[in-house]
Amino acid sequence: MKTVALVACGGSGKRAHLGYNKVLHISGGISILEHTLSKFSCPCVIVFNEQDDKDTINKIAKKYNALTTLGGSTRTQSVKNGLELIKNSYPDCEVVLIHDGARPYLSPDLIQKIAKEAYLHGSAIPYTICSDSVKQKTESGYINIDRASLMYIQTPQGFLFDKIYKAYSNATDSFTDDSAVYEQLYGDCHMVEGEVQNTKITTPYDIKYWERFVMTDTRVGNGYDYHRFDAGRKLILGGVEIPFEKGLLGHSDADAATHCLMDAMLSAAGLKDIGTYFPDNDNKYKGANSIELLKQVSEILLEQGYRLSNASIVIVAQYPKLAPFVDQMKANLASATGLTPDRIGISATTNEGSGAIGRGEGIAATAVCLLVKTSKDML
Ligand code: MG
């Protein structure tokens, strides 16, 4: 069956005390929305807010081959907009899964189960049982409610596309739940057991809990590199060409700062060093742009289920002065690894005139980095 996911990303982050849409909150180098999208193997449509950072949303959408559309002033209008985009872009869509972008803990198994049950029954709504005692406040006092009759309702909620499209077309009230829209037209939904861990990130506590969850499986790595100066070479560090009378000698562009970062990343993942991946006797890498090699290392790590969280680099050079170039180096390394520049630290120091570095014979660099296991392996 042809399935499309509609990922609703409403919310301003007010309840989470963030000041921006919580689905764009980054932890371990990746946003909550990306974690959510990574669970779906079907095409996704992201419905976002007018005030959201469009560049960020578009970058995420591109990475996950998702389409995007603006939401409306209510959740009902936002879902309507998403369904309209699906109707136009995926005319063969049979089942739609409507999901909250702020529920990243769900498993691919639940997604498959909901899609299958929705195809068979017209709708499939995940629920969990209520384990807390519940009271209802009334004008005359509190009433104790029998919790055995209560259910917590989750997403993704699955529906035959034509049915939910019609239900939303007829909906005039504002609803916060898709099953309620469906029930107005067709009666009871088909209920399916959900997952206890499939909670929605809403409060500051939820954000803290999520950050801990993401950071539970981390790996540290370190790397070191040294290249000798040679006349007639360009001096390249962190992907920046630095004006100087000589450059570093090497088979590639001899970018020691980028090389030690690559080695730190590979080492953290328990992989072999850059010499193994990019041999210095292979002509393919003669004069290679090390930033391009760093991109390849990021891809190798992703395939292994790792993502760079942050890195800290020290460049040891007696000369030239590197401070004016540090911001551009950070930007280059961040861009190649899919991070924001604040996650790359670079400091430059001299060797106080002693040793080979102090005599200006070459430049050394060391890096420490932290990798995070990506979400696919976490549940
Ligand atoms: Mg090197």
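Description of the structure in this document. (Residues numbered from 1 in each chain as written. Predicted model: local features only at pLDDT ≥ 70, side-chain atom pairs only at ≥ 80, totals over all residues. Heavy atoms only, no water.)

A few words now on the overall build of the chain. A count of helical and extended segments in the chain gives 12 helices and 19 strands. If you line up the chain on its principal axes, its C-alpha atoms span 85 × 50 × 35 Å. Evaluated residue by residue, the chain yields a buried proportion of 49% over its 379 residues. Taking the contacts inside the chain whose residues are at least 6 apart along the sequence as the reference set, 72% of them involve residues at least 24 apart. Counting only carbon and sulfur atoms, one obtains 48% of the accessible surface of the chain, whose full area is about 18,700 Å². Here the chain contributes 39 positive and 43 negative side-chain charges, whose respective centroids are spaced 1 Å apart. (Helix = DSSP H or I, 4+ residues; strand = E, 2+ residues; numbered from the N terminus. Buried < 20%, exposed > 50% of the residue type's maximum accessible area, 1.4 Å probe, protein only. Contact = heavy atoms within 4.5 Å. Areas by Shrake-Rupley, 256 points an atom, 1.4 Å probe, with all protein chains shown as cover. Lys, Arg positive; Asp, Glu negative; His and termini not counted. Charge placed at Lys NZ, Arg CZ, Asp CG, Glu CD.)

With that out of the way, let us pick up the coordination of the magnesium ion. Note on the magnesium ion: its protein donors are Asp225 (OD), His227 (NE2) and His259 (ND1). The metal-donor distances range over 2.1 to 2.3 Å. Linear spacing of the donor residues for the magnesium ion on their chain is D-x1-H-x31-H. The same class applies to aspartate 225 and to histidine 227, which are both buried. (Donors = N, O, S within 2.8 Å, 3.2 Å for Na, K, Ca; no water.)

Quick look at the packing of helix α5 (residues 161-170) against helix α6 (residues 178-186) now. It is the contact of α5 with α6, at a shortest axis distance of 9 Å, that shows an interaxial angle of 85 degrees. Judged on the interaxial angle alone, α6 and α5 are roughly perpendicular. In this structure, α5 uses Lys163, Ile164, Lys166, Ala167, Tyr168 and Asn170 to contact α6, whose residues at the interface are Asp178, Val181, Tyr182, Leu185 and Tyr186. Here the contact of α5 with α6 is built from residues that sort into 7 nonpolar, 1 polar and 3 charged. (Axes fitted to C-alpha atoms, helices over the stretch in contact; angles between N-to-C directions. Parallel < 35°, antiparallel > 145°, perpendicular 65-115°, else oblique. Nonpolar A, V, L, I, M, F, W, Y, C, P; charged D, E, K, R; others polar.)

This part covers helix α7 (residues 204-214). Residues Asp206, Ile207, Trp210, Phe213 and Val214 constitute the buried set of α7. When α7 is viewed along its axis, its buried side chains cluster within an angular range of 125 degrees and face the same direction. For α7, exposure combined with an orientation more than 90 degrees from the buried face picks out Tyr205, Lys208 and Arg212. Those residues of α7 that are buried lie in contact with β2 (26-27), α1 (32-38) and β19 (362-373). (Arc of directions from axis to C-beta.)

Our focus in this paragraph is a nonpolar patch on the surface. Residues Met1, Tyr119 and Leu120 make up a contiguous nonpolar surface patch of roughly 330 Å² in combined accessible area. With respect to the helices, strands and loops of the structure, tyrosine 119 is situated in helix α4 (residues 108-121). (Patch = residues over 30% accessible without salt bridge, like charges linked within 9 Å, V, L, I, M, F, W, Y side chains within 5 Å. Salt bridge = Lys/Arg side-chain N within 4 Å of Asp/Glu carboxyl O.)

Further remarks concern the pattern of salt bridges. This model, assessed by the stated rule, comprises 8 salt bridges. Salt-bridge contacts for aspartate 100 lead to arginine 103; the nearest nitrogen and oxygen are separated by 3.2 Å. The exposure class assigned to arginine 103 is buried, which follows from its relative accessible area of 10%. Of the charged contacts, one joins lysine 200 and aspartate 100 as a salt bridge, the two residues approaching to 4.0 Å between their closest N and O atoms. Of this pair, lysine 200 sits in the loop between β12 (191-193) and α7 while aspartate 100 is found in strand β6 (residues 95-100), placing the two residues 100 residues apart along the sequence. Residue class for aspartate 100 comes out buried when judged on its relative accessible area of 8%.

This part is about the side chain of arginine 103. Summarising the element assignment, arginine 103 is placed in the loop between β6 and α4. The residues contacting arginine 103, other than those within four sequence positions of it, are Thr36, Ile153, Gln154, Thr155, Asn198, Thr199 and Lys200.

What follows is about α6. Burial in α6 covers these residues: Asp178, Ser179, Val181 and Tyr182. All buried residues of α6 lie within an arc of 155 degrees about the axis, which places them on one face of the element. Structurally, α6 contributes buried residues whose contacts are with α3 (75-89), β6, α4, β7 (123-129), β11 (157-160) and α5. One or two residues past the end of α6 sits glycine 187, with phi positive at roughly 85 degrees.

This next bit is on the sheet that holds strand β18 (residues 344-349). Ordered in space as β16-β13-β19-β17-β18, the 5 strands form an open sheet in which the pairing is mixed. Looking at the sheet topology across the chains shown, the edges are occupied by β16 (246-248) and β18. Here the average twist between neighbouring strands, direction ignored, is 20 degrees. (Pairing = 2+ DSSP bridges.)

As a further point, take the environment of phenylalanine 244. Examined against the element boundaries, phenylalanine 244 turns out to sit in the loop between β15 (240-242) and β16. The exposure class assigned to phenylalanine 244 is partly exposed, which follows from its relative accessible area of 26%. Put simply, phenylalanine 244 and aspartate 53 are 191 residues apart on the chain and 40 Å apart in space, counted from C-alpha to C-alpha. Sequence-distant contacts of phenylalanine 244, defined by excluding residues within four places in its chain, comprise Phe229, Leu235, Tyr319 and Pro320.

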